[in-house]
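# Coordinates in review
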Amino acid sequence: MTDAAARVWVFDDFRPGEPLGRHAIALDEARLATWRAIYGASAEEGHVPSGMLVAAMMEAYLMAIRPRPPGNVHAAQTLAFGAPAKAGDRLDAEVSCLWKEMRRTRCWVGFGVVLRDGGRCVLTGEISAIWSR
Amino acid sequence: METPNGAALPRELVAVSLVAGPHEVARYAELTADFNPIHLDPAFAAGTTFGRPIIHGTLGLNLVIEAIERTFGGLPDDVSVEVRFVKPVPVGSAIRAGGYLRSLEAGTYEIYVETASGERAVEGTCTIGRAPEHRNKGANAT
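Read on for an overview of the structure. (Residues numbered from 1 in each chain as written. Chains lettered and ligands numbered in written order. Predicted model: local features only at pLDDT ≥ 70, side-chain atom pairs only at ≥ 80, totals over all residues.)

### Considering the overall build of chain A
- When you go through chain A residue by residue, the secondary structure sums to 2 helices and 5 strands.
- Starting at the N terminus, the α and β elements of chain A follow one another as β-α-α-β-β-β-β.
- A compact globule built from 133 residues should have a C-alpha radius of gyration of about 14 Å, and chain A, at 16 Å, falls within 12% of that.
- Along the three orthogonal principal directions, the C-alpha set of chain A runs to about 50 × 30 × 30 Å.
- For chain A, the residues scored as buried account for 41% of the 133 residues in total.
- By sequence separation, contacts in chain A at least 24 residues apart represent 75% of the contacts at least 6 residues apart. (Helix = DSSP H or I, 4+ residues; strand = E, 2+ residues; numbered from the N terminus. Rg over C-alpha atoms; globule rule 2.2 N^0.38 Å. Buried ≥ 20, exposed ≤ 12 C-beta atoms within 10 Å, placed from the backbone. Contact = placed C-beta atoms within 7 Å.)

### Re unusual backbone geometry
- Cis geometry marks the peptide bond from Arg66 of chain A to Pro67 of chain A; its omega dihedral reads 0 degrees.
- Along the polypeptide, Pro67 of chain A turns up in the loop between helix H2 (50–64) and strand E2 (73–81).
- Within the chain, Arg104 of chain A stands out as a residue other than glycine whose phi angle is a positive 55 degrees.
- Within the secondary structure layout, Arg104 of chain A lies in the loop between strand E3 (90–103) and strand E4 (106–117).
- Phi at Ala33 of chain B is positive, roughly 60 degrees, even though this residue is not glycine.
- On the secondary structure map, Ala33 of chain B appears in the loop between helix H1 (22–32) and helix H2 (37–40).
- Accessibility expressed as a C-beta count within 10 Å gives 16 for Ala33 of chain B, which makes it partly exposed.

### Quick word on the packing of helix H1 (residues 29–39) of chain A against H1 of chain B
- At a minimum axis separation of 9 Å, H1 of chain A and H1 of chain B run at an interaxial angle of 155 degrees. Our classification of the angle between H1 of chain A and H1 of chain B gives roughly antiparallel. The element H1 of chain A and its partner H1 of chain B pack so that their crossing is left-handed. Contacts between H1 of chain A and H1 of chain B involve Arg31, Thr34, Trp35, Ala37 and Ile38 of chain A from the first element and Glu24, Arg27, Tyr28, Glu30 and Leu31 of chain B from the second. (Axes fitted to C-alpha atoms, helices over the stretch in contact; angles between N-to-C directions. Parallel < 35°, antiparallel > 145°, perpendicular 65-115°, else oblique. Left-handed = near helix turned anticlockwise from the far one by under 90°.)

Rendered as structure tokens:
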């Protein structure tokens, strides 16, 4: 198994079906304030914009797979939204490798992220990345 | 027009815009813990094929999600999205997100993020009311 602290993740390290890591994300006021600094205020008090779940998904993905080689490309994305989340919730993210394949000379990897709030799934996402090494 | 679930489906999504300047991109890096210098460091970006910093792809994608929420007053049940990031967007660009109803029967919108010149940076589809099967069920799902 790769020692992520010592060596960069490369294409050959990924195994479809294997979990890559878990990460917890708190939908706290600091996170909401950072969101508002970019996208503006939400219409509803206490409402968690669904895009914040997408940002949480990305954080979990990046935390699970590091260090990473430079030059990776986030090429495509699917999202399926589930139960709503609310301010103050603590989400648990599970990251996995779903698939990998060579397309001509490029190394493509599909990563899955599932965000849960207790027993409820709030978001599933599939990140299609062109891995640079 | 209505979805199979009875929700009204407008022909167009409410368009949402923002200027993705260095401040916004730096905040997005904090939000996602994505401090890749390609987004934040002009000197680093100058040595890449992009030549200058580019925004995070999901910074733009989230603008489409905002457009959906503003259109429906929140996210409807069973929303799924499928997009490609087709063109990098330089930091400092004004971007606009929206969508057009493609199929009432399927509840599908063509969605996009475009720059001020009309170039598409993100494009794909959003389906409302009938979530398609996704292969991602988590590594430990049976």
